[in-house]
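Here is what each chain is made of, one letter per residue.
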Amino acid sequence: MEACVAVERELDKLSSKFTSLHEHGQRSLEELINSIQSIKQELSEAPEDHQLSAAQVLTLNQCLRRIRDGVSRISTEHKDLHASVSKVGKTIDRNFVSDFSAVITEGACEGEGSQQLLNEVICEHFLRQGMLDIAEALNEDAGLNLSHGRKEPFLELHRILEALKNRELGPALKWAEEHRERLVEQNSSLEFKLHRLHFIHLIKQGHACQREALHYARNFAPFAAQHPRELQSLMGSLLYLRQGIENSPYASLLEPIYWQEICDVFTKDACRLMGLSVHSPLSVCIQAGCHALPPLLSIRQVMQQRQVAGVWSNKEELPVEIDLGREYHFHSIFACPILRQQSTETNPPMRLICGHVISKDALNKLSNMNKVKCPYCPVEQLPSDARQIYF
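Predicted, not measured: the structure shown is a model, and the values here were computed from it.

Description of the UniProt feature "domain: RING-Gid-type" (unreviewed entry) in the chain
Then, number 1: UniProt's entry tags residues 336-377 with the feature "domain: RING-Gid-type" (unreviewed entry), counted in the numbering of this structure.
Then, number 2: Strand forms 19% of residues 336-377 and helix 17%; the C-alpha atoms that close the span are 16 Å apart.

Written out as C-alpha cells, the structure is:
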C-alpha cells in the first residue's frame with residue numbers, strides 16, 4: 001500500500017505540473033497570436049507602396065524576438081516535463097518488485113498434467129468472456145480437444161447474456177422455462193424478474209398496450225405467493241397508462257438498474273445450475289494472487305536477510321496467514337485450536353469422543369501411553385477412537 005501511495009504522490013506532482021505548464025503555455029501562445037494578428041492587421045491597412053518606418057521595423061523585430069523566446073521557453077518546459085515523467089517510471093521501479101520468482105513454487109506448473117490443466121483453465125476463461133475465436137485457437141494449439149458438450153454451456157451462457165445486454169428477453173425466458181423445476185429448487189427469482197421486465201416494456205408503451213399487458217399479467221400467477229409486493233406495484237402502474245408511467249409514482253419501474261440486475265441474476269443462477277462458479281477461476285486466482293503477493297514478497301525478503309529461507313519449505317501451506325476477505329471464502333476450513341494450523345489432506349480434523357475437534361497432528365502430539373486427554377475437558381480416550389470429520 002505504501003508503494004502505491006508513493007507512486008500516486010509522484011503522479012499528483014506530475015499532474016499538477018502538467019496543468020500549470022499547460023495553462024502558462026496557453027496564455028503565452030494567445031499573447032503571441034494576438035500580437036501577430038495586430039501587426040498583420042496594421043500592415044494590411046497600409047497602402048501597397050508603403051515603406052516600413054523605423055518604429056514598425058523595431059516592433060516587428062521585437063515580435064520575432066518574443067516568438068523565439070516563447071518557443072524556446074516552451075521547449076525548455078517540455079524537457080522539464082519529460083524529466084518528471086521519467087521520474088514517475090523510476091518511482092514505480094523503485095517501489096514495485098518486477099521479479100516474482102522468489103515466491104514461485106518450483107515445479108508448480110511442470111509436467112504435462114499441470115500444463116494441460118492450466119491451458120484448460122485459460123481456455124475456459126476465454127469461453128466465459130465470449131472470446132470464442134481465441135478459445136478455439138488455444139484449444140487447437142494446446143491439443144486440449146475439448147468436446148462440444150463441454151463448450152456448449154459457455155456458448156449458451158454468452159449468447160443469452162448478449163441478448164439481455166441488447167434488452168432482448170426471449171432467449172433468457174425460453175431458457176428459464178426449460179429449467180423451471182431446477183430453478184424453483186434453488187429458490188431462484190430469475191423467471192419472475194424476466195416476466196417483470198417484459199411487463200414493464202409493455203406498460204411503457206402506454207394505453208395502446210393496456211390489453212396486451214393485462215393478458216401478459218397471467219404469467220405472474222405462479223409467483224404471486226413469493227412476490228406479492230412487487231406484483232401490487234406492477235398492477236398499480238396500470239392506472240397511469242394514459243398519463244405515462246414516467247409521470248406517475250411508479251416511474252422507478254423504468255430505471256435501467258433492472259436490466260443490470262437481470263444480467264447478474266441470470267449469470268449467478270445459470271452458473272449454479274450448471275455447477276460452475278459465478279466468476280472465472282482464472283480471474284479469481286489472479287485477484288487473490290494480487291492480494292497475497294505483497295506480504296509474501298515481504299516475508300521472503302525478511303527470510304533472506306535473516307538467512308532462514310529454508311523455513312519456507314512446506315508446499316502445502318504459506319509461511320504467514322493471509323486474509324483475503326470474505327469474498328474469497330468458497331468453502332469451510334478448519335484451523336486446529338492447538339497447533340494454529342489449517343487442516344490439509346494429510347492433517348485432517350479429528351473429532352474426539354467428547355465432541356471437541358483438533359487436527360490429526362495435534363492428536364498424535366497429545367497421545368501419551370496410548371491415551372489422549374482432551375485439551376478442553378478432562379475426558380480421556382484412545383487415539384483410535386477419534387474420527388475424521390469432513391466440512
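After that view of the structure, there is still more to cover.
Here's the deal with the packing of helix 1 (residues 2-45) against helix 2 (residues 54-95)
Packed helices, taken two at a time, are described by their axes: the angle between them and the distance between them.
Then, number 1: Running from amino to carboxyl end, helix 1 crosses helix 2 at an angle of 170°, the nearest separation of the two axes being 10 Å. On the basis of the axis angle, helix 1 is roughly antiparallel to helix 2. Along this stretch, helix 1 crosses helix 2, giving a crossing that reads as left-handed.
Then, number 2: Residue classes in the contact of helix 1 with helix 2 are distributed as 19 nonpolar, eight polar and eight charged.

Some thoughts on the packing of helix 3 (residues 112-128) against helix 12 (residues 281-305)
Then, number 1: In contact at an axis separation of 8 Å, helix 3 and helix 12 are set at 110° when each is read in the N-to-C sense. One finds that helix 3 runs roughly perpendicular with respect to helix 12. Between helix 3, through V121, I122, E124, H125 and R128, and helix 12, the contact on the second element is made entirely by P281, L282 and S283.
Then, number 2: Here the contact of helix 3 with helix 12 is composed, by residue class, of four nonpolar, two polar and two charged.

Observations regarding the pattern of salt bridges
Then, number 1: Under the criterion given, the structure shown has five salt bridges.
Then, number 2: Notably, a salt bridge pairs R180 with E191, separated by 2.6 Å at the nearest N-O pair. Residue R180 is located in helix 7 (residues 180-185), and its partner E191 is located in helix 8 (residues 190-204); the two are separated by eleven residues in the primary sequence.
Then, number 3: Between E261 and R196 there is a salt bridge whose closest N-O contact spans 3.5 Å. With E261 in helix 11 (residues 257-273) and R196 in helix 8, this residue pair connects regions lying 65 residues apart in the sequence.
Then, number 4: Residue class for E261 comes out partly exposed when judged on its relative accessible area of 28%.

So, unusual backbone geometry
Then, number 1: Phi angles above zero are rare outside glycine, and R167 is one such case at about 60°.
Then, number 2: Tracing the sequence through the fold places R167 in the loop between helix 5 (148-165) and helix 6 (170-178).
Then, number 3: Judged by its relative accessible area of 46%, R167 falls in the partly exposed class.
Then, number 4: In this structure, R340 is a non-glycine residue whose phi angle is positive, near 60°.
Then, number 5: With relative accessibility at 70%, the residue R340 sits in the exposed group.

Digging into the sheet that holds strand 5 (residues 387-388)
Then, number 1: Across the sheet, three strands lie side by side as 2-1-5; this open sheet has antiparallel pairing. The sheet is open, and its two edges are formed by strand 2 (357-359) and strand 5, each paired on a single side.
Then, number 2: By the bridge criterion, two bridges tie strand 1 (residues 349-351) to strand 5 in an arrangement that is antiparallel. The residue bridging R351 from the neighbouring strand is R387, located in strand 5.

Quick look at a nonpolar patch on the surface
Then, number 1: On the surface, L29, I33 and I74 cluster together into a nonpolar patch covering about 230 Å² of accessible area.
Then, number 2: With respect to the element layout, I33 can be found in helix 1.

With respect to empty space enclosed by the protein
Then, number 1: Scanning all chains against the criterion turns up two cavities of 30 Å³ or more.
Then, number 2: The calculated volume of the largest cavity comes to roughly 50 Å³.
Then, number 3: Lining the largest cavity are E120, C123, E124, L127, L146, R150, K151 and F154.
Then, number 4: Going through the elements one at a time, helix 3 and helix 5 are the ones with two or more residues in the lining of the largest cavity.
Then, number 5: Here the lining of the largest cavity gets four residues from one element, more than from any other, and that element is helix 3.
Then, number 6: Residue classes in the lining of the largest cavity are distributed as four nonpolar, no polar and four charged.

Notes on helix 5
Then, number 1: Taking 1.5 Å of rise per residue, 18 residues should cover 26 Å, and helix 5 covers 25 Å from first to last C-alpha, within 8% of that figure.
Then, number 2: Within the span of helix 5, buried status applies to K151, F154, L157, H158, I160, L161, A163 and L164.
Then, number 3: Along its buried surface, helix 5 packs onto helix 3, helix 4 (132-141), helix 6, helix 8 and helix 11.
Then, number 4: Following helix 5 by one or two positions, R167 has its phi on the positive side, about 60°.

Conventions adopted
- Residues numbered from 1 in each chain as written.
- Predicted model: local features only at pLDDT ≥ 70, side-chain atom pairs only at ≥ 80, totals over all residues.
- Heavy atoms only, no water.
- UniProt positions renumbered as here; feature names shortened; annotations may be inferred.
- Helix = DSSP H or I, 4+ residues; strand = E, 2+ residues; numbered from the N terminus.
- Axes fitted to C-alpha atoms, helices over the stretch in contact; angles between N-to-C directions.
- Parallel < 35°, antiparallel > 145°, perpendicular 65-115°, else oblique.
- Left-handed = near helix turned anticlockwise from the far one by under 90°.
- Nonpolar A, V, L, I, M, F, W, Y, C, P; charged D, E, K, R; others polar.
- Contact = heavy atoms within 4.5 Å.
- Salt bridge = Lys/Arg side-chain N within 4 Å of Asp/Glu carboxyl O.
- Buried < 20%, exposed > 50% of the residue type's maximum accessible area, 1.4 Å probe, protein only.
- Pairing = 2+ DSSP bridges.
- Patch = residues over 30% accessible without salt bridge, like charges linked within 9 Å, V, L, I, M, F, W, Y side chains within 5 Å.
- Areas by Shrake-Rupley, 256 points an atom, 1.4 Å probe, with all protein chains shown as cover.
- 1 Å grid on protein atoms, 1.4 Å probe; cavity = no way out; pocket = protein on both sides within 12 Å on 5 of 7 lines; lining within 4 Å.
- Points joined across faces, edges and corners; volume = space filled by probe spheres on them.
- Expected span 1.5 Å × (residues − 1).

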